[in-house]
Amino acid sequence: MGADAQRAAVEMVCGGCGLHVDPARTLPFRCPSAARDAGIDHVLARRVPIDELDADAAGFGAADAERNPFVRFRRLTLAWHVAMAHGLDDDAYVALVRELDDAVARVDGSGFRATPLAHHDALGAWVKDETGNVSGSHKARHLMGVMLALRVFEVTGLHADAELRSRPLAIASCGNAALAAAVVARAAEWPIDVYIPLDASEAVVRRLGDLGARIHVCQREAGAAGDPCVTAFRAAVSGGAIPFGVQGSESGLCVEGGHTLGWELAAQFAAQLAGAAAGDAGLDAIYVQVGGGALAAGLYRGLREARALGVLRRLPRLYTVQTEGAWPLRRAWDRWREAGVDLAAALRDRGSFMWPWETEPRSIAHGILDDETYEWATLLDAMDESGGEPLVVDEDTLREANRVGCAAIGIAVSHTGTAGLAGVLAKRAPGRIGVVFTGAER
Ligand SMILES: Cc1ncc(COP(=O)(O)O)c(C=O)c1O
């Protein structure tokens with residue numbers, strides 16, 4: 001058995017091939033076996049020993065006044081566990097988070113703080129509003145998680161052979177993720193290459209330039225399937241760059257930062273509904289817009305961990321939302337249902353379920369037009385477990401959701417940001433419903 005295959009208490013596990021990766025020995029990004037057997041769906045997911053914690057120790061205490069989720073829920077993160085196992089103490093870890101967070105605030109105006117959760121009668125839904133988060137969307141959560149791990153590796157001397165500081169960060173993105181990555185990279189004073197499409201907004205490109213990111217505009221070649229930004233990003237990573245994106249297949253660890261959304265939502269929900277009748281303290285359904293899938297996967301896993309710790313009594317049904325422009329997740333769901341195989345078997349036959357959308361996808365919700373849903377397996381499992389399903393919404397519904405969503409919270413949210421609400425409008429199911437307004441209109 002190779003070193004990576006030995007179980008560590010804190011580890012990354014590949015959902016496809018089952019490889020166990022010790023993050024102290026192997027960088028916790030892409031599954032080391034991914035290049036060997038391309039037919040398998042290799043995506044690393046982090047495991048930490050949460051059963052050793054109780055809810056208060058994990059950060060869910062009702063009286064916990066800490067506003068930074070990366071401090072509050074640190075004991076649930078891989079970076080904290082690696083730090084504790086390799087010479088740092090809790091105070092030193094908190095200082096490291098605060099130092100990076102202060103730098104983020106200097107770059108972007110504010111550091112990471114719990115974002116608001118409020119019920120809006122006009123929408124009949126609870127809205128978690130991420131528009132005021134670092135860089136204007138939830139994306140920075142993913143990248144803060146990765147950067148904290150990189151900082152822990154640096155401070156503890158782990159991966160010294162990899163000479164991490166001599167390697168640039170790299171990301172492929174259509175906008176929000178690139179901005180988030182550039183803010184966190186700037187805060188950590190780490191060079192970054194961003195691969196963006198031709199139609200990225202001028203405002204985004206200008207801000208990326210201001211943040212000192214090196215910008216590479218990628219054009220779709222006629223007849224070539226797949227996202228050209230992803231292709232260019234992969235070439236950069238093959239050349240030594242550190243994957244600093246939000247696609248779980250390229251950087252499994254990025255998903256963990258999205259758990260903070262689930263932990264935060266669960267803690268806020270528990271606090272707001274304190275005193276509600278037993279068994280009633282939970283959402284019935286959560287509608288989440290899906291591009292590459294890291295957002296929904298992270299959020300759902302965070303909720304699942306909150307339930308395991310007794311903070312939630314039950315898990316909400318997960319409804320994922322894609323557009324008529326591209327719905328690879330719905331396609332995978334339909335094929336999985338038709339095939340009648342268990343998920344483990346589907347994961348070993350990725351090409352039968354997930355492949356790049358054939359035509360160039362278009363939608364007003366352009367942040368969720370990924371050719372592939374990289375976290376498809378986690379999301380099929382989550383929808384199956386929770387009794388949800390993948391929804392596909394049309395452009396009129398996306399527009400209507402944006403109109404009512406912006407009016408309700410009085411903030412300009414992007415169409416991608418309100419796309420989960422479009423799922424609510426399309427489904428019209430009763431119950432206590434949650435959505436995330438993931439990003440501001442720019
Ligand atoms: C504002 C916003 N919401 C949601 C998403 C979807 O996130 P994911 O790609 O992780 O599914 C994106 C992706 O770019 C986004 O920018």
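Along every chain, residues carry numbers that run from 1 in the direction the sequence is written. A pLDDT threshold of at least 70 governs which residues receive local features in this predicted model, and a stricter bar of 80 or more applies before side-chain atom pairs are shown or counted, although totals over entire chains, interfaces and linings include all residues. Side-chain descriptors were evaluated using all non-hydrogen atoms of the structure, hydrogens and water having been removed beforehand.

Points about the overall build of the protein chain
Part 1 of the argument: Secondary structure follows DSSP: runs of H or I at least 4 residues long count as helices, runs of E at least 2 residues long count as strands, and numbering of each begins at the N terminus. Within the protein chain one finds 15 helices and 13 strands.
Part 2 of the argument: By the burial criterion, 60% of the 442 residues in the protein chain qualify as buried.
Part 3 of the argument: Long-range pairs, those at least 24 residues apart, make up 70% of the contacts in the protein chain with a sequence separation of at least 6.
Part 4 of the argument: Here the open area of atoms and residues is found with the Shrake-Rupley method and a 1.4 Å probe, where only the protein chains shown may cover a residue. For the protein chain, the exposed surface amounts to about 16,900 Å²; the carbon and sulfur share of it is 48%. Relative accessible area decides the class of each residue, using a 1.4 Å probe on protein chains only: under 20% of the type maximum gives buried, over 50% gives exposed, and in between gives partly exposed. Residue contacts follow a heavy-atom distance rule, with two residues in contact if any of their heavy atoms lie within 4.5 Å.

Points about the site of the ligand
Part 1 of the argument: Around the ligand sit 15 residues, and of these K139, G291, G292, G293 and T438 come closest.
Part 2 of the argument: In protein, a polar contact means a hydrogen-donor-capable atom and an acceptor-capable atom, both N or O and within 3.5 Å, with residues adjacent in sequence counting only if both atoms are side-chain atoms; elsewhere, any N or O pair within 3.5 Å suffices. At 2.9 Å from an oxygen atom of the ligand is found a main-chain nitrogen or oxygen belonging to L295.
Part 3 of the argument: In this structure, a nitrogen atom belonging to the ligand sits 2.6 Å away from a side-chain N or O atom of T438.
Part 4 of the argument: Isolated, the ligand exposes 390 Å² of accessible area, and the fraction of that covered by the protein chains is 97%.
Part 5 of the argument: A per-class count over the shell around the ligand returns 4 nonpolar, 10 polar and 1 charged. Proximity is defined per residue: any heavy atom of the residue falling within 4 Å of a molecule or strand makes that residue near it. When residues are sorted by character, Ala, Val, Leu, Ile, Met, Phe, Trp, Tyr, Cys and Pro go into the nonpolar class, Asp, Glu, Lys and Arg into the charged class, and all the rest, Gly among them, into the polar class.

Some thoughts on empty space enclosed by the protein
Part 1 of the argument: As defined here, a cavity is a set of points on a 1 Å grid over the protein atoms alone where a 1.4 Å probe fits but cannot get out. A pocket is an open set with protein on both sides within 12 Å along at least five of seven lines, and residues line them when an atom is within 4 Å of a point. Grid points are joined across faces, edges and corners, and a volume is the space filled by probe spheres set on the points. Overall, the coordinates contain 2 cavities of 30 Å³ or more when judged by the stated rule.
Part 2 of the argument: What lines the largest cavity is L265, A266, F269, G282, L283, L303, L312, R314 and P316.
Part 3 of the argument: No other element matches helix α9 (residues 254-272), which puts 3 residues into the lining of the largest cavity.
Part 4 of the argument: Of the voids in this model, the second largest cavity is the one considered here, and its volume is about 40 Å³.
Part 5 of the argument: Lining the second largest cavity are F70, T77, A79, Y93, G145, L148 and E256.
Part 6 of the argument: Here the residues of the lining of the second largest cavity sort into 4 nonpolar, 2 polar and 1 charged.

Considering the nonpolar core
Part 1 of the argument: Membership of the largest hydrophobic core comes to 117 residues, with the highest contact counts inside it found for F60, L150 and W376.
Part 2 of the argument: Listed in part, the 23 residues of the second largest apolar core include Y319, C406, V413 and A419. Take the buried Ala, Val, Leu, Ile, Met, Phe, Trp, Tyr and Cys residues and link them wherever side-chain atoms come within 4.5 Å; each set so joined is a nonpolar core.

Some details on helix α10 (residues 294-308)
Part 1 of the argument: To estimate the expected span of a helix, subtract one from its residue number and multiply by 1.5 Å. Counted at 1.5 Å a residue, the expected span for α10 with its 15 residues is 21 Å, and the 21 Å between its end C-alpha atoms agrees.
Part 2 of the argument: Those residues of α10 not exposed but buried are A294, L295, A296, A297, G298, L299, Y300, R301, G302, L303, E305 and A306.

Quick notes on a nonpolar patch on the surface
Part 1 of the argument: Taken together, L198, I215 and V217 make up a surface patch of nonpolar side chains, about 270 Å² in accessible area.
Part 2 of the argument: In this fold, V217 is placed in strand β8 (residues 214-218). Two joining distances apply to patches: 9 Å for like charges and 5 Å for nonpolar side chains (Val, Leu, Ile, Met, Phe, Trp, Tyr), and every residue must have over 30% relative accessible area and no salt bridge. One speaks of a salt bridge when a side-chain nitrogen belonging to Lys or Arg is within 4 Å of a carboxyl oxygen belonging to Asp or Glu.

Re unusual backbone geometry
Trans is the common state for peptide bonds, and a negative phi is the common state for residues other than glycine.
Part 1 of the argument: Its identity is not glycine, yet E163 carries a phi of approximately 45°, on the positive side.
Part 2 of the argument: Inspection of the secondary structure puts E163 in the loop between α5 (139-156) and β6 (169-172).
Part 3 of the argument: Its identity as a non-glycine residue notwithstanding, R428 has a phi of 50°, on the positive side.

Brief notes about helix α6 (residues 176-187)
Part 1 of the argument: An ideal rise of 1.5 Å per residue puts 16 Å on 12 residues; α6 measures up with 17 Å between its terminal C-alpha atoms.
Part 2 of the argument: By the criterion of burial, α6 is predominantly enclosed, with 10 of the 12 residues buried.
Part 3 of the argument: Every buried residue of α6 is listed here: A177, A178, L179, A180, A181, A182, V183, V184, A185 and A187.
Part 4 of the argument: For α6, the secondary structure elements touched by its buried residues are α4 (90-108), α5, β6, β7 (192-197) and α7 (202-210).
Part 5 of the argument: Just past α6, the residue E189 takes up positive phi, approximately 55°.

Topic: the pairing of strand β1 (residues 11-14)
Two faces make up the sheet, and in a regular strand the side chains alternate between them.
Part 1 of the argument: Covered by surrounding structure in β1 are E11 and V13 together with M12 and C14, the residues of both alternating faces.
Part 2 of the argument: DSSP-based pairing: two strands are paired if at least 2 bridges between them are found. Pairing between β1 and strand β3 (residues 44-47): 4 bridges, direction antiparallel. Residue pairing across strands places C14 opposite L44, the latter belonging to β3.
Part 3 of the argument: Examined bridge by bridge, β1 and strand β2 (residues 20-21) share 2 bridges and lie antiparallel to one another. Residue V13 lies in a different strand from β2, and its bridge partner there is H20.
Part 4 of the argument: The antiparallel hairpin formed by β1 and β2 contains 5 residues in its connecting segment, where G18 sits at a positive phi of about 85°.

A word on the packing of aromatic side chains
Part 1 of the argument: Stacked, edge-to-face and tilted labels apply to pairs of Phe, Tyr and Trp rings (six-membered ring for Trp) whose centres lie within 6.5 Å, assigned for plane angles under 30 degrees, over 60, and everything in between, in that order. Here the structure, examined in full by the defined rule, presents 8 aromatic pairs.
Part 2 of the argument: Relative to W376, the ring of F353 has its centre 5.9 Å away and its plane inclined at 15°; by these criteria the two rings are stacked. With F353 in the loop between α12 (343-347) and α13 (376-386) and W376 in helix α13, the pair connects residues that are 23 residues apart, well separated along the chain. For the pair F353 and W376, a shared accessibility class is recorded, and that class is buried.

Quick look at the sheet that holds β6
Part 1 of the argument: Sheet architecture is open: 4 strands sit in the order β8-β7-β6-β9, paired in parallel fashion. Single-partner strands in this sheet number two, and they are β8 and β9 (242-243).
Part 2 of the argument: Alignment of β7 against β8, held across 5 bridges, turns out to be parallel. Across the sheet, the residue bridging to P197 is C218, located in β8.
Part 3 of the argument: Axis lines are fitted to C-alpha atoms, over the contacting stretch for helices. Their N-to-C directions set the angle, which ranges from 0 to 180 degrees. Where α6 meets the sheet, its contacts fall on β6 and β7, and the angle it forms with β7 comes to roughly 170°.

Observations concerning the confidence of the model for the protein chain
Part 1 of the argument: In the predicted model, the protein chain carries a mean pLDDT of 93, and 96% of its residues have values of at least 70.
Part 2 of the argument: Each residue carries a pLDDT score, the predictor's own confidence in it, on a scale running from 0 to 100. The model gives residues 1-6 a pLDDT under 50, and that stretch makes 9 contacts with residues more than four places away or in other chains.

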